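Reading the structure
In case you want the letters, here they are:
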Number of protein chains: 2
Amino acid sequence: MQDTPKGSRLHIAIFGRRNAGKSSLINALTNQDIALVSDIPGTTTDPVYKAMEILPLGPVMMIDTAGIDDVGDLGALRVERTMQVLNKTDLAVVVIDPAAGITEFEMSLKENISKRNIPMVAVVNKADLITPEQDVLALWEKELDLKIYSLSAQTKLGIEELKRLLIEKAPADWEGTPVIGDLLQGGDTVVLVVPIDTAAPKGRLILPQVQTIRDILDHDASCVVVKERELKDALANLRQPPRMVVTDSQEFLKVDADTPENVLLTSFSILMARHKGDLETLVAGAKAIDKLQPGDKVLIAEGCTHHRQADDIGKVKIPRWLRQSVGGELHFDWVSGIDFPQDISQYQLIVHCGSCMLNRREMLYRLAVAREKQVPIVNYGVLIAKIHGILYRALGPFPLAQMILDE
Amino acid sequence: MQDTPKGSRLHIAIFGRRNAGKSSLINALTNQDIALVSDIPGTTTDPVYKAMEILPLGPVMMIDTAGIDDVGDLGALRVERTMQVLNKTDLAVVVIDPAAGITEFEMSLKENISKRNIPMVAVVNKADLITPEQDVLALWEKELDLKIYSLSAQTKLGIEELKRLLIEKAPADWEGTPVIGDLLQGGDTVVLVVPIDTAAPKGRLILPQVQTIRDILDHDASCVVVKERELKDALANLRQPPRMVVTDSQEFLKVDADTPENVLLTSFSILMARHKGDLETLVAGAKAIDKLQPGDKVLIAEGCTHHRQADDIGKVKIPRWLRQSVGGELHFDWVSGIDFPQDISQYQLIVHCGSCMLNRREMLYRLAVAREKQVPIVNYGVLIAKIHGILYRALGPFPLAQMILDE
């Protein structure tokens, strides 16, 4: 409940042959007996996600993948699931089974990891059971063209060194830009407009709102949190105008009207789009809305499977807005969760959710797939601002993105 | 992640003999196949908690208890665990096995539920398998002295009626007082002081802070969220002074100094103490600190098992403060999670956590146990204010509690 959000954790994925000792390695790293450790090869079928604290690395998401040297139908599914994991992996650990050494499997794993520019650490586990001769290890290192660290999850030999290595190899930019902090100076005030509609879970704020408040505090600024109806009075009550107003996208129009021209205005979705991915790509995608033709195909992608409201944004509102914008019928497909189709070339536009449940790596992957296939991609927040004709103003804090819109 | 907090859900517990059909009833209520349904009696051993949405009732916590007519050692443990569930139950559903009818078990269950003033609904499940004759049902109702509703989880017969009944029977006051809303008027401003220390999880706010922000918005007021260091400037930036300042207890002294005399000041812990339980009892408990003697026994009770910091509040800080206050050694015991000892008469003081992971019912139960045994009970927030000599000011918004302190 009081945990670091999933999307803000460094995602460390553990790969390796069945029974190479992946689960026991995770236990050794965390000093916990959480992962099911079994001597029967292939116990782990689907990737298992474990939110953990690895000191001094901090909050991480450990992903215990299925052993993917499996054969048969189930094996093929496992391979696919495991490859999907790579789309969100910030740091890969490949566990080599000393009984098997470097096989085609490890080689192809390394190739897939390298292709995606994911930092990789290779270890040989169970070093207490089978100690590879020094020259065997050297041979493997040569085959893999990578240093291999010898350790034993059971005796904890080499575990501390592995932790140091993980810290060292963790990509410096995995968190991306701050949510808002880099746009602020100490002592600034930000006004956050948080509507309370029927979709808001009782007693809670939604994650992007909490993350924004926290990031403001982390950067020595303060914020005023207010519903749209009280915004005008709250602004009038401030002696110094705020540095910025941030609103829920769905209240953009009202908040635009109530926020003085000289105050910067943006939305939580636009902040998260920049934090989680690449605002410029999404703004370029927004421009493609004007080129949509009746009959075009649009993919709507959501990162989680949430309880749908009657006027659900992805299912109802966005299709309606786009149809109105195009002045005709469009063909919509929807995907949610980890499913993001490989083949997207049939679409003229992809509309993605705010991805609060995805990590940055996964969002960057999806943006890269779209760019590669030259399919414009926009997200909910950028689309809403565009449809309501206020995207230009909402990009005020981001001059580069504003330029792209102007081009 | 974006869910209603556990403590803010109506807790509905399902009791009944082994295999009376408790799990299948939960499934029928929620249209989900979540509970493990089995034809083997006694599948459910420990109580299982399921956060669910039962429309139109809203977010609830369903508690699937073990069948407690079991015998033997495991049976005794089950009975104890199930009885612990009663301490947090807002609404009890007793499922009667039509093959067994009303036995001593159902009678004792009803007695235990009634004793605690918990509203109770009795149902007979599997009405499609074994239809009790009308006069048998009438006999059971007479034995139990309660109306029994006939339903079938499998065919959904009677499920909608049961939902209506649950809504009707849910105690009106189960949520207690609002966190802060009843102290505010529309348009008010509240200043919230949220320190960011090493204990604050990355990217998050802690639950009482989020609940307070949300409750302020729900009551048409707005809030300024600020770290203790920026409080002075944030106050100076408001044209109208705020209705109230609410601070994390650990910053009480600094915030007290920076908040003008004429502005009400309290803490998140004191707000939550009132919301979750009974502020007056805790203030009476705080007065007992002055009567502690060296050698006295103090019980420190926490509602959850959290990651402990080096200067943990429950393990380190509070014992240190109390020793200083007493001017001598004290004997401390600690309990956490659902364990709250029945026998507390050996203690001269109980210090309870903010109970953000407990529901109101459970907290009221613990307070009642303490009152019954005449053991003073205080919570972290009230204790901290007391130790720092600012409890009187922190109770400014609560005149009744202030009077108790004055007595």
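These figures come from a predicted structure and were not determined experimentally. (Residues numbered from 1 in each chain as written. Chains lettered and ligands numbered in written order. Predicted model: local features only at pLDDT ≥ 70, side-chain atom pairs only at ≥ 80, totals over all residues. Heavy atoms only, no water.)

What follows is about the interface of chain B and chain A. Contacts between the two partners involve 46 residues from chain B, matched on the other side by 46 residues from chain A. Interface area for chain B against chain A, summed over the two sides, is near 4,300 Å², with a carbon-plus-sulfur share of 55%. Remark: the boundary between chain B and chain A carries four salt bridges. Measuring nitrogen to oxygen at the nearest pair gives 3.3 Å for the salt bridge that ties D220(A) to R229(B). Summed over the shared surface of chain B and chain A, the number is 18 residue pairs in polar contact (both at pLDDT 80 or more). When contributions to the side of chain B that touches chain A are tallied by element, the ones reaching two or more residues are α6 (207-218), β8 (222-226) and α7 (231-236) of chain B. Broken down by element, the residue count for the side of chain B that touches chain A peaks at seven residues, all from α6(B). Both strand β8 (residues 222-226) of chain A and β8(B) contribute to a ladder of three bridges, which runs antiparallel. Within β8(B), the residue paired with V225(A) across the bridge is C223(B). (Contact = heavy atoms within 4.5 Å. Buried area = accessible area lost by both parts, 1.4 Å probe. Salt bridge = Lys/Arg side-chain N within 4 Å of Asp/Glu carboxyl O. Polar contact = N/O pair within 3.5 Å; in protein donor to acceptor, adjacent residues only side chain to side chain. Helix = DSSP H or I, 4+ residues; strand = E, 2+ residues; numbered from the N terminus. Pairing = 2+ DSSP bridges.)

A separate point is the environment of T89(B). Residue and element names in this part refer to chain B. Examined against the element boundaries, T89 turns out to sit in the loop between α2 (72-86) and β4 (91-96). T89 sits in the buried class, given a relative accessible area of 0%. It is 12 Å that separates the C-alpha atoms of T89 and S114, two residues lying 25 residues apart in sequence. Contacts of T89, omitting those with residues within four sequence positions, involve H11, A13, F15, I118 and R361. Only 2.8 Å separates the side chain of T89 from the backbone oxygen of V85, close enough to count as a polar contact. (Buried < 20%, exposed > 50% of the residue type's maximum accessible area, 1.4 Å probe, protein only.)

Both the distance between ring centres and the angle between the ring planes are used here to describe each pair of aromatic rings. Scanning all chains against the criterion turns up two aromatic pairs over all chains. The ring of W334(A) has K315(A) lying over it, and the distance from NZ or CZ to the ring centre is 3.9 Å. (Phe/Tyr/Trp six-rings, centres within 6.5 Å; stacked < 30°, edge-to-face > 60°. Lys NZ or Arg CZ within 6 Å of the ring centre and 35° of its normal.)

Attention now moves to the relation of the copies chain B and chain A. In screw terms, the move from chain B to chain A is a rotation of 180° and a rise of 0.0 Å along the axis, fitting with an RMSD of 0.1 Å. Taken together, these values place the two copies in the relation of a two-fold axis. Ranked by how close their C-alpha atoms come to the rotation axis, the residues of chain B are headed by V224(B), at 2.1 Å. The overlap is high: 100% of the interface residues of chain B also sit at the interface in chain A, so the same surface is used on both sides. (Least-squares fit on C-alpha atoms with pLDDT ≥ 70 in both.)

Our focus in this paragraph is the nonpolar core. Core analysis: the biggest nonpolar cluster contains 165 residues, and L322(A) and L322(B) have the highest contact counts within it. Contacts of L322(B), omitting those with residues within four sequence positions, involve I289(B), L292(B), V298(B), L330(B), F332(B), L349(B), V351(B), L383(B) and I387(B). In terms of nonpolar packing, the next biggest core, distinct from the first, is built from 26 residues, I12(B), V95(B), V121(B) and I159(B) among them. (Core = buried A, V, L, I, M, F, W, Y, C linked by side-chain atoms within 4.5 Å.)

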